[in-house]
Structures are given as C-alpha cells and as structure tokens.
Amino acid sequence: MASNLLLKSGGAFAGQSKAPIMDLYRSICREIPRVLTIYDVDIDPALARRKVNLLFRKHADVKDDDVIQILVSKGYMELEETVLQYKQKTHLMRILGTEQGEYRVPQAPPQQSNFFFKNIGKKYI
C-alpha cells in the first residue's frame, strides 16, 4: 500500500493538474475508515471526509503546477505516515478537528487546594 502511494505522487502535472488532486482525494477517502480504526478515533467517517474536503478546498485557489505538485506530494507523504502509524492520535485529531472546535484531550480540573488558587487564582477562574 505504501509503495503505491509513493508511485502515484510522482506523476506528470503539466496541463492536467486536476487528475493527481482527485487521485489523492480518493486515496485519502478510501483510507479514512481504516485510519479511524487504527487510531481508535470516535468520529463518523462522513465527518472525517467532510474535514478532508475542507482541507482540500482551502488550497482551491492554487493554480501554479509546481505548487500543486508539492502539495500533492506532501499529501501523499502525510497519508503514508498516517497509515504506517508514524503519527500519534493527537496529530491526527489536530487535523480532524470538528467544526465546533478543535479536539481537546479531556483534562482534570485544576487543583484548588494550593496557595495560588486559594489566594490569587480566584480572580482568573
């Protein structure tokens, strides 16, 4: 699988800048259920696809073929690193942040038994 991703990233771009972009988008959408399972992420695959779509649309105004080639190559590298588990779950969640706000790891409430929270911290909480 990883070797197929590397081979696709080096295609010709002159005059046909849409085809490699669509190939990358389809490859990512095809891998989304697998990636969500590998990283044990509780996100609906449709929501993840929507986020990927938004990330692609962010660069919709790029017209230069060299820049498009760099972005597509970087996209394949990111996909390969994700599939091969070179990333951690927090890296993936930073990319797949929902529309309501970025994913945050639940944290315990601050301890209010120390000196700071008893005397000074009340003003800032």
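Presented here is an overview of the structure given in this document.

**Focus: the overall build of the protein**
Move 1: Counting its secondary structure elements, the protein contains six helices and zero strands.
Move 2: Sequence-ordered secondary structure for the protein, helices as α and strands as β, is α-α-α-α-α-α.
Move 3: The burial tally for the protein puts 28% of its 125 residues in the buried class.
Move 4: Sequence separation of 24 or more characterises 69% of the internal contacts of the protein that already satisfy a separation of 6 or more.
Move 5: Total accessible area computed for the protein in this model is approximately 9,000 Å², and 55% of it derives from carbon and sulfur atoms.

**Thoughts on helix 4 (residues 65-83)**
Move 1: Its 19 residues place the ends of helix 4 27 Å apart at the C-alpha level, agreeing with the 27 Å of an ideal helix rising 1.5 Å per residue.
Move 2: Within helix 4, burial applies to Ile68, Val72, Ser73, Gly75, Tyr76, Leu79, Glu80, Thr82 and Val83.
Move 3: Positive phi shows up at Gln85, right after helix 4, with a value of about 65 degrees.

**A closer look at the packing of aromatic side chains**
Move 1: Per the counting criterion, the structure on display carries one aromatic pair.
Move 2: Aromatic pair Tyr25 and Phe56: ring centres 5.2 Å apart, planes at 85 degrees, arrangement edge-to-face. Separated by 31 residues along the polypeptide, Tyr25 in helix 2 (residues 18-38) and Phe56 in helix 3 (residues 45-58) bring together distant segments of the chain.

**Some words on the packing of helix 2 against helix 3**
Move 1: The interhelical angle for the contact between helix 2 and helix 3, taken along N-to-C directions, is 150 degrees, at an axis separation of 10 Å. The orientation of helix 2 relative to helix 3 falls into the category roughly antiparallel. Judged by the twist between their axes, the crossing of helix 2 over helix 3 is right-handed. Listed contacts from helix 3 to Ile21, Leu24, Tyr25, Ile28, Cys29, Ile32, Pro33 and Leu36 of helix 2 are Pro45, Ala48, Arg49, Val52, Asn53 and Phe56.
Move 2: For the contact of helix 2 with helix 3, the class distribution of residues is twelve nonpolar, one polar and one charged.

**Structural notes on the pattern of salt bridges**
Move 1: Taken as a whole and judged by the stated rule, the model has three salt bridges.
Move 2: Where Asp23 meets Arg26, a salt bridge forms, and the shortest distance between an N and an O atom there is 4.0 Å. Taken together, the residues Asp23 and Arg26, both in helix 2 and three residues apart, mark about one turn of the helix.
Move 3: With relative accessibility at 45%, the residue Arg26 sits in the partly exposed group.

Criteria and cut-off values
Residues numbered from 1 in each chain as written. Predicted model: local features only at pLDDT ≥ 70, side-chain atom pairs only at ≥ 80, totals over all residues. Heavy atoms only, no water. Helix = DSSP H or I, 4+ residues; strand = E, 2+ residues; numbered from the N terminus. Buried < 20%, exposed > 50% of the residue type's maximum accessible area, 1.4 Å probe, protein only. Contact = heavy atoms within 4.5 Å. Areas by Shrake-Rupley, 256 points an atom, 1.4 Å probe, with all protein chains shown as cover. Expected span 1.5 Å × (residues − 1). Phe/Tyr/Trp six-rings, centres within 6.5 Å; stacked < 30°, edge-to-face > 60°. Axes fitted to C-alpha atoms, helices over the stretch in contact; angles between N-to-C directions. Parallel < 35°, antiparallel > 145°, perpendicular 65-115°, else oblique. Left-handed = near helix turned anticlockwise from the far one by under 90°. Nonpolar A, V, L, I, M, F, W, Y, C, P; charged D, E, K, R; others polar. Salt bridge = Lys/Arg side-chain N within 4 Å of Asp/Glu carboxyl O.

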